[in-house]
Amino acid sequence: MSPKPSPAPPPAPFVAVSSGKGGVGKTSLALNLALAMAGVGRRILLVDGDLGLANIDVMLGLDVRGTIRDVLAAGGDPREVLVTPAPNLAVLPASSGVPDMAALGPDDRSALEEVLEDLAADHDLVLVDTAAGIGPSVLWFNAFADRNLLVLTPDPTSLTDAYALVKVLCREHHRRRVTVVANMVRDDREARRIHDNLARVTERFLGLRPELLGAVPRDPAVERAVRAQVPLLRNDPDRPAARAVRELAERILTWLPRARGQAPRPARAHAREGGHHP
Ligand SMILES: Nc1ncnc2c1ncn2[C@@H]1O[C@H](COP(=O)(O)OP(=O)(O)OP(=O)(O)O)[C@@H](O)[C@H]1O
């Protein structure tokens, strides 16, 4: 009897990190989450999904060889533009000063989908740092992702803008599951309060209650790291914000498919069709 072929590894989950409002700490969070997960041996792909105003390379002080747009324009192997700032971590850089996804036609979007699927095959998890707001690229990445992580802060405008994003994701992209990270909070109580405030309106108007993954405290070390162009987890690993990010990373890692040989996750629906995901 011929040996059973070994089952294909389950596909790497895509996690979109977004926010209604800009400047809430989304990029710092995505970068440090990626580093924390890579630091425990998971192969992480961090995609700079802010296609018009790239930030991750700046936060890392990286020289980029090429960007997502170059890959889409010229074809070729997307691995050639990946940057590896740490073991197990690959960054797919974006460009700055170019129009958002609105300028990408349907062919570019399906090419982007192929590029992401191709790169995902080499990784355990893909984290996409999207632009802020509800622009076309934000919605596209969120519809493409398996999990939607939303960054909230105590600033009241962060709440109203987050509600706007959840509403579009729910009504137009049929998302029923949104996970919140409360950033720049004083304490856990404040984190629960802002999560509750969002949950009250989403439950009332959308019938959806986002879950709270956890919180990152307001910590001057985050700003110091951004200025130094050295990630927080390297610059100040023992600070409260760094510890909080590591805890969040551990929780996100529980989303990974457990092991080879288990039932694979259902195929990802087409982002362009506004696919429904679990
Ligand atoms: N937990 C925190 N404590 C203190 N400052 C923070 C914290 N998180 C982020 N910041 C600061 O907030 C600013 C914005 O952070 P960041 O660029 O990551 O936000 P963003 O949401 O990605 O912004 P944009 O939408 O413009 O890309 C930075 O100066 C960063 O240092």
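Remember, predicted model here, so these are calculated numbers, not experimental data. (Residues numbered from 1 in each chain as written. Predicted model: local features only at pLDDT ≥ 70, side-chain atom pairs only at ≥ 80, totals over all residues. Heavy atoms only, no water.)

### Points about the packing of aromatic side chains
(1) Moving on: Considering all chains together, one arrives at four aromatic pairs under this definition.
(2) Moving on: Measuring from ring centre to ring centre gives 4.9 Å for Phe14 and Phe144, while their planes differ by 85°; the resulting arrangement is edge-to-face. Highlighted residues: Phe14 in strand E1 (residues 14-18) and Phe144 in helix H5 (residues 136-144), separated in sequence by 130 residues. The pair Phe14 / Phe144 is uniform in exposure class, with both members buried.
(3) Moving on: Aromatic side chains Trp140 and Phe144 sit 5.1 Å apart centroid to centroid with 10° between the ring planes, which places their arrangement in the stacked category. Placement of both Trp140 and Phe144 in helix H5 is noted, with a separation of four residues, approximately one turn of the helix. (Phe/Tyr/Trp six-rings, centres within 6.5 Å; stacked < 30°, edge-to-face > 60°. Helix = DSSP H or I, 4+ residues; strand = E, 2+ residues; numbered from the N terminus. Buried < 20%, exposed > 50% of the residue type's maximum accessible area, 1.4 Å probe, protein only.)

### Section: the environment of Cys170
(1) Moving on: Looking at where Cys170 falls in the secondary structure, it is placed in helix H6 (residues 156-173).
(2) Moving on: Spatially, the C-alpha atom of Cys170 lies 9.5 Å from that of Thr202, the residues being 32 residues apart in sequence.
(3) Moving on: Leaving out residues up to four positions away in the same chain, Cys170 has contacts with Arg175, Arg176, Leu206 and Leu208. (Contact = heavy atoms within 4.5 Å.)

### Section: the nonpolar core
(1) Moving on: Counting 43 residues, the largest nonpolar core has Leu33, Met37, Leu46, Leu89, Leu127 and Leu149 as the members making the most contacts within it.
(2) Moving on: Here this core takes nine residues from helix H1 (residues 26-39), the largest share from any one element.
(3) Moving on: Aside from chain neighbours lying at most four places away, what touches Met37 is Arg42, Ile44, Leu125, Leu127, Ala249, Ile252 and Leu253.
(4) Moving on: Core analysis: the second largest hydrophobic core is formed by 27 residues, Ala16, Leu82, Ala94 and Val126 among them. (Core = buried A, V, L, I, M, F, W, Y, C linked by side-chain atoms within 4.5 Å.)

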